[in-house]
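Okay, here's what each chain looks like letter by letter:
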Amino acid sequence: MESHERTKPLLEVLNGNRQATPPVWLMRQAGRYLPEYRAIRQGVAGFLDLCFTPELAAEVTLQPIRRFGFDGAILFSDILLVPHALGQRVTFDVGEGPRLDPVADAAAVGGLRSDLGIDRLAPVYETIRLVKPKLPEQVTFLGFCGAPWTVATYMVAGRGTDDQGPARRFAYRDPDGFAELIDLVTAASAEYLAGQLNAGVDAVQIFDSWSGVLPPDEFRRWCIEPVGRLIAAVRARIPDAKIIGFPRGAGVLLAGYAESVPVDAIGLDWTVDRRFVREHVPPTVAVQGNLDPLALLVGGAALDRSVDQVLASFADRPFIFNLGHGIHPETPIEHVERMLRRVRGAKN
Ligand code: 1CP
């Protein structure tokens, strides 16, 4: 019994073992929908200060675990810390989102550091060391990074864009120059994920938030291949590293991703046709997702129905319950509680 109590259900799923009650966590579970997050955020000058102050980042990581008892805790940080470590200027302006000095061509790529400025990310590893002993034993601790393509879209455009046009244009105009940028981000991200795992996270997620804008050949070149190399480089250092891939918006290209990228679980966004997954992603591959964040925001019958559909679709395979993308800041906390009761078996 004692060993049973010590198991981490989410990690079990990543080991290929289906759980009768699926483990659950939410993307962006630490964030503005929580009053305790807003209270801490108000007290710091900038978002990066929060990421780089281990005591505060640790506290924010733990907040949703205390409140909801999720099965997974995700490190509080951001995917844009890697460009920062590579020497790019990164700022977050209130209400504006991230701003970076654009890396618009091969010459600008050459101006970045060739090594990951590991010292610049040391506070993140310290956050992990602070969180680790405070987590309940059954909670799986997740680290993360952005996938090379998604990180590159921000590095090239200097900000979030609707269609990731600047990076796509760079990649068509100068594929070799763009490949250098992708390779640099891949190498830095591998070192960063290995650093997170060595500091104490149980598994990591690779967020490819913008993979959905790529046509099939480009999807293979800029998403599947670099993520594959990133995973190989992490596992060269840590052979049994557990890794979740999240190729958001991949649609039917998910089948090729599942075939070619050796992840332990695939994150599904909310637009994914679950029947397609059942037919094209081998049942031994764990999946994670994919409740529509807007169903959670609306709540009530729409939420219940959506939760039930997700649960029914993946009841027979290793499965982690999650949203199909990050939680909206306006989401009522009672809706999260209602969702959790339903996932964990109480039919209200
Ligand atoms: O006002 C604030 O407090 C800042 C909002 C915020 C937060 C809470 C940003 C700025 N980043 C984060 C934290 C964050 N970012 C986490 C923490 C852990 C958790 O999930 O609770 C994670 C995993 C991320 C990852 C991230 N950052 C992604 C990938 C996931 C996704 O949402 O697609 C991306 C694309 C970013 C970039 C970023 N950081 C912040 C914003 C507003 C954005 C998006 C910018 C844009 O595209 O316009």
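Please read all numbers here as calculations on a predicted model, not as lab measurements.

(A) Structural view of the site of the ligand. The full set close to the ligand counts 21 residues, and Y37, D78, Y154, S209 and H325 are the nearest of them. In the model, a nitrogen atom of the ligand is placed 2.7 Å from a nitrogen or oxygen of the D78 side chain. For the ligand, the protein covers 85% of the area, taking 900 Å² as the surface of the free molecule. Taken together, the residues of the shell around the ligand sort by class into 12 nonpolar, 5 polar and 4 charged.

(B) Structural detail: the packing of aromatic side chains. Under the counting rule described, the total for this entry stands at 13 aromatic pairs. Summarising the aromatic geometry, the rings of F68 and F70 are spaced 5.1 Å apart at their centres and angled 40° between planes, so their arrangement reads as tilted. Looking at F68, the relative accessible area reads 7%, which means it is buried. Their ring planes at 45° and their centres at 6.3 Å tell us that Y125 and Y192 sit as a pair that is tilted. Of this pair, Y125 sits in helix α8 (residues 122-131) while Y192 is found in helix α11 (residues 175-199), placing the two residues 67 residues apart along the sequence. Taken individually, Y125 and Y192 each receive the classification buried, so the pair is uniform in this respect. Among the aromatic residues, ring-to-ring pairing joins Y37, F47, F76 and F92 into one connected group. The cationic tip of R248 hangs over the ring face of W210; the distance from NZ or CZ to the ring centre is 4.9 Å.

(C) Geometry of the pairing of strand β2 (residues 90-93). Burial of the side chains of β2 is restricted to one face: V90 and F92 are buried, whereas none of T91 and D93 on the reverse face is. Sheet analysis places β2 next to strand β3 (residues 97-100), joined by 4 bridges and oriented antiparallel. Within β3, the residue paired with D93 across the bridge is G97. The antiparallel hairpin formed by β2 and β3 contains 3 residues in its connecting segment, where G95 sits at a positive phi of about 70°.

(D) Region of interest: the sheet that holds strand β4 (residues 140-146). Taken in spatial order, the 7 strands line up as β1-β4-β5-β6-β7-β8-β9 in an open sheet, and their pairing is parallel. Looking at the sheet topology across the chains shown, the edges are occupied by β1 (72-74) and β9 (319-323). Strand-to-strand twist across the sheet, computed as the mean angle between neighbouring axes with direction ignored, equals 25°. Note that strand β5 (residues 203-208) and strand β6 (residues 243-247) share 5 bridges and pair parallel.

(E) Here's a closer look at the pattern of salt bridges. Across all of its chains, the model carries 15 salt bridges by this definition. Across the pair R89 and D101 runs a salt bridge whose closest N-O atoms are separated by 3.4 Å. Of this pair, R89 sits in the loop between α6 (81-85) and β2 while D101 is found in the loop between β3 and α7 (106-110), placing the two residues 12 residues apart along the sequence. In this structure R89 comes out as exposed when scored by relative accessible area, which is 54%. For the salt bridge of R235 with D264, the shortest nitrogen-to-oxygen distance reads 2.9 Å. Of the two residues, R235 is situated in helix α12 (residues 216-237) and D264 in the loop between α13 (254-260) and β7 (265-267); the sequence distance between them amounts to 29 residues. For D264, a relative accessible area of 17% gives the class buried.

Calculation criteria
Residues numbered from 1 in each chain as written. Predicted model: local features only at pLDDT ≥ 70, side-chain atom pairs only at ≥ 80, totals over all residues. Heavy atoms only, no water. Near = heavy atom within 4 Å. Polar contact = N/O pair within 3.5 Å; in protein donor to acceptor, adjacent residues only side chain to side chain. Areas by Shrake-Rupley, 256 points an atom, 1.4 Å probe, with all protein chains shown as cover. Nonpolar A, V, L, I, M, F, W, Y, C, P; charged D, E, K, R; others polar. Phe/Tyr/Trp six-rings, centres within 6.5 Å; stacked < 30°, edge-to-face > 60°. Buried < 20%, exposed > 50% of the residue type's maximum accessible area, 1.4 Å probe, protein only. Helix = DSSP H or I, 4+ residues; strand = E, 2+ residues; numbered from the N terminus. Lys NZ or Arg CZ within 6 Å of the ring centre and 35° of its normal. Pairing = 2+ DSSP bridges. Axes fitted to C-alpha atoms, helices over the stretch in contact; angles between N-to-C directions. Salt bridge = Lys/Arg side-chain N within 4 Å of Asp/Glu carboxyl O.

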